[in-house]
There are 2 protein chains.
Amino acid sequence: MSDEVRIALDAMGGDHGPAVVVAGAALALTRHPGSQFLLFGNAALIGPLLDAKPELKSVSRLVHTDVAIRMEDKPSQALRYGRWKSSMWLAIDAVKRAEADMVVSGGNTGALMAMSKFNLKTLPGIERPAIAALWPTVRGESIVLDVGASIGADAEHLVGLAVMGAATARILLGLDRPTVGLLNIGVEEAKGLEAVREAGHILREENWPDLDYQGYVEGDDIGRGKVDVVVTEGFAGNIALKTAEGTARQLGEYLRGAMQSSLRARLGYLFARSAFRQLRERMNPSRVNGGVFLGLNGIVIKSHGGADAEGFAAAIELGHGVVQDQLLAKIRAALSRHGKRVHQVEAGQVEGRQVLDGAAS
Amino acid sequence: MSDEVRIALDAMGGDHGPAVVVAGAALALTRHPGSQFLLFGNAALIGPLLDAKPELKSVSRLVHTDVAIRMEDKPSQALRYGRWKSSMWLAIDAVKRAEADMVVSGGNTGALMAMSKFNLKTLPGIERPAIAALWPTVRGESIVLDVGASIGADAEHLVGLAVMGAATARILLGLDRPTVGLLNIGVEEAKGLEAVREAGHILREENWPDLDYQGYVEGDDIGRGKVDVVVTEGFAGNIALKTAEGTARQLGEYLRGAMQSSLRARLGYLFARSAFRQLRERMNPSRVNGGVFLGLNGIVIKSHGGADAEGFAAAIELGHGVVQDQLLAKIRAALSRHGKRVHQVEAGQVEGRQVLDGAAS
């Protein structure tokens, strides 16, 4: 495969549409010259943008469609009017038909997940796919999943997330045996936590060679980089991700305000300008843009809807990493290796559960 | 009542025990000279600390007990060995016996909640108490609840949280009709969200005069101050709170690193020193330390376990605010005003639910 990666792009996705998608693809191409692009969307809008980037155009094919998925639609609506013919569907379908190695979209997350699931289907043993995010930490980066694909989780689902998250960390973070933690809260209460506790027991008991389970982590452990993979169900995961984004934006505003609060502060800012630039770079969400959809028969990358060209390029590059290191093959192998245990839980063996519950109390 | 507030202190609670509690009380006394303190804990440890603060000592009574609740114990364990005799129990009991207007503890949150519930009992119409946090935002402060008292919530519980949270915002933020949002995630999926959707319908339909329901908010809207009261169940709420704390700490580390990265940066730091001090002050969690337990027959304030004297004083002062403005009476009134609607939901009227579900889909 080398550097030759074929990328399907939903050119109408995201808050800024084709302008950001084309500019992002052009940027990504300079870093991965072997890329080939398949763009889906309104040719009247995309054509002129491609004409302005001849190098990109020479490795791209543009497929016209009038239908674009709106950001505010529910997945069910999007499926109704967008199946078979929207830019999002066609881009996913290119992966299904093996014309592309991955698809990147900045569009409606729920619609992207619903169409991906409908068209690509899930991997054996996985009922619900997940979205994994690369989370910057003081130690580097961690993988956090699920950050919003589905709400609620039983033990089986959490164990599946741990297995897929660890496979992703092995590839994206280059680790042999990533550390894994289950997101939990300090307050102990029996109700509502059975799934987390049961998943913890399974992970500890199995002690798989490719996954180093470290126990529970709390919200403030994520940014600390306490573990390489943080596992949680999608509601709490999405709220954690968005809250962290909001807090970073808030502190950025505080900092800007403080640096303009006096003449001395402004002078200080001038002196330290390059340090501030470096800080802004670290705090820049574009740097690690892109969520990977896990559990599907194909690589789907979600770029942030509000991303700029740099951010969209980062999402494409994330895809390069997982395609070239064959994430899908590795997840399939891990799931089939650990599948027996996952399926035992799925079957809901009462004896096993009772033993686990007894040990937990 | 004027400034005369009687405060029961669990002097053994928190990571630093009596040293921080006594120093915090002394600080709070300088700001609220009418305070009186009842301290519970090991007299051999607390006595000398009080001796060193004669002004505090003159308005304090020290009650000895050998038993202190450990930070790592489960609520059930704590109740077993600590009921009737621990410093935490005795401090709560002082509120029950009307010897104190509120209790402040930096101890084990789960144990504090369990003992408070057991001893003080919940308000009519409230089954499970909640913890409300003051959350600093770019617009000022918001109330976020529940940040970890209990896991999971049905529509009734969420509506109760909204009513109590709005009453708290009226007092602590001085607002006539606080805006209220339900924490949710952008991805739409039917499963798992019924409770949030149903609560939203009730709040919108009722349109109470003391609560301005604004719809759903996402994690990044909290720090933006989009609404005055953010309502969520305790698992997601606790993870949001801890994640925000962790992100603030992480960015603080980035900033420190950047300001030491070069000679120019260090010079800039010197120039802007007072701006950085101001920034540190804004980012300082001590500034808004303290969670208020809502839904109990008594005021219970939880100070952060790791708080310093300044933080513990902030928690005491938070209590002053809610005691003097008679939070409890106002919550009772709001609950009895809105109780009928809340109880309709509790009774699980099938017709009402179906109408709501139909309208939501």
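The structure presented is a predicted model; accordingly, all values stated were derived computationally and were not measured.

1. Re a positive patch on the surface
On the surface, Arg256(A), Arg273(A), Arg277(A), Arg280(A) and Arg264(B) cluster together into a patch of positive charge. Ranked by residues supplied to the positive patch, first place goes to helix H12 (residues 273-283) of chain A with three residues. The topology assignment puts Arg280(A) in helix H12. Relative accessible area serves as the criterion here: at 48%, Arg280(A) is assigned to the partly exposed category.

2. Brief notes about the packing of aromatic side chains
Describing an aromatic ring pair means giving the distance of the ring centres and the angle of the ring planes. Residue and element names in this part refer to chain A. Within the structure shown, the criterion is met by five aromatic pairs over all chains. An angle of 70° between the planes, with centres 5.0 Å apart, marks the rings of Trp-84 and Trp-89 as edge-to-face. Judged by its relative accessible area of 2%, Trp-89 is buried. Note that Arg-83 overlies the ring of Phe-118, its terminal NZ or CZ placed 4.4 Å from the centroid.

3. With respect to a nonpolar patch on the surface
Residues and elements named next belong to chain A. Taken together, the side chains of Leu-263, Leu-267 and Leu-270 present a nonpolar region at the surface, about 280 Å² in accessible area. Following the sequence through the fold, Leu-270 ends up in helix H11 (residues 263-271). Residue Leu-270 is classed as partly exposed on the basis of its relative accessible area, which comes to 43%.

4. Observations concerning the environment of Ala244(A)
Examined against the element boundaries, Ala244(A) turns out to sit in helix H10 (residues 234-259). The buried category is assigned to Ala244(A), whose relative accessible area is 10%. Sequence separation between Ala244(A) and Gly219(A) is 25 residues; the distance between their C-alpha atoms is 9.7 Å. Those residues in contact with Ala244(A) that lie beyond four places of it in its chain are Trp135(A), Thr243(B) and Thr247(B).

5. Overview of the interface of chain B and chain A
Contacts between the two partners involve 65 residues from chain B and, on the opposite side, 65 residues from chain A. Buried area between chain B and chain A, both sides added, is near 5500 Å², and the carbon and sulfur share of it is 67%. Summed over the shared surface of chain B and chain A, the result is ten residue pairs in polar contact (both at pLDDT 80 or more). Sorting the residues of the side of chain B that touches chain A by element identifies helix H6 (109-120), strand S5 (130-137), helix H9 (219-224), helix H10 (234-259), helix H11 (263-271) and helix H12 (273-283) of chain B as the ones contributing at least two each.

6. Here's the deal with the pairing of strand S2 (residues 36-41) of chain A
Residue and element names in this part refer to chain A. In terms of residue burial, S2 counts as a mostly covered element, since five of its six residues are buried. In terms of strand pairing, strand S1 (residues 6-10) meets S2 through five bridges, oriented parallel. Pairing of Leu-9 across the sheet is with Leu-39, part of S2. One crossover worth recording links S1 to the parallel S2 by way of helix H1 (residues 18-31), and it is right-handed. For S2 and strand S3 (residues 60-64), the ladder comprises five bridges, and the chain directions are parallel. The partner of Leu-39 across the bridge, within S3, is Leu-62.

Reading guide: rules and limits
- Residues numbered from 1 in each chain as written.
- Chains lettered and ligands numbered in written order.
- Predicted model: local features only at pLDDT ≥ 70, side-chain atom pairs only at ≥ 80, totals over all residues.
- Heavy atoms only, no water.
- Patch = residues over 30% accessible without salt bridge, like charges linked within 9 Å, V, L, I, M, F, W, Y side chains within 5 Å.
- Areas by Shrake-Rupley, 256 points an atom, 1.4 Å probe, with all protein chains shown as cover.
- Salt bridge = Lys/Arg side-chain N within 4 Å of Asp/Glu carboxyl O.
- Lys, Arg positive; Asp, Glu negative; His and termini not counted.
- Charge placed at Lys NZ, Arg CZ, Asp CG, Glu CD.
- Helix = DSSP H or I, 4+ residues; strand = E, 2+ residues; numbered from the N terminus.
- Buried < 20%, exposed > 50% of the residue type's maximum accessible area, 1.4 Å probe, protein only.
- Phe/Tyr/Trp six-rings, centres within 6.5 Å; stacked < 30°, edge-to-face > 60°.
- Lys NZ or Arg CZ within 6 Å of the ring centre and 35° of its normal.
- Contact = heavy atoms within 4.5 Å.
- Buried area = accessible area lost by both parts, 1.4 Å probe.
- Polar contact = N/O pair within 3.5 Å; in protein donor to acceptor, adjacent residues only side chain to side chain.
- Pairing = 2+ DSSP bridges.
- Right-handed = clockwise from strand over helix to strand, strands pointing away.

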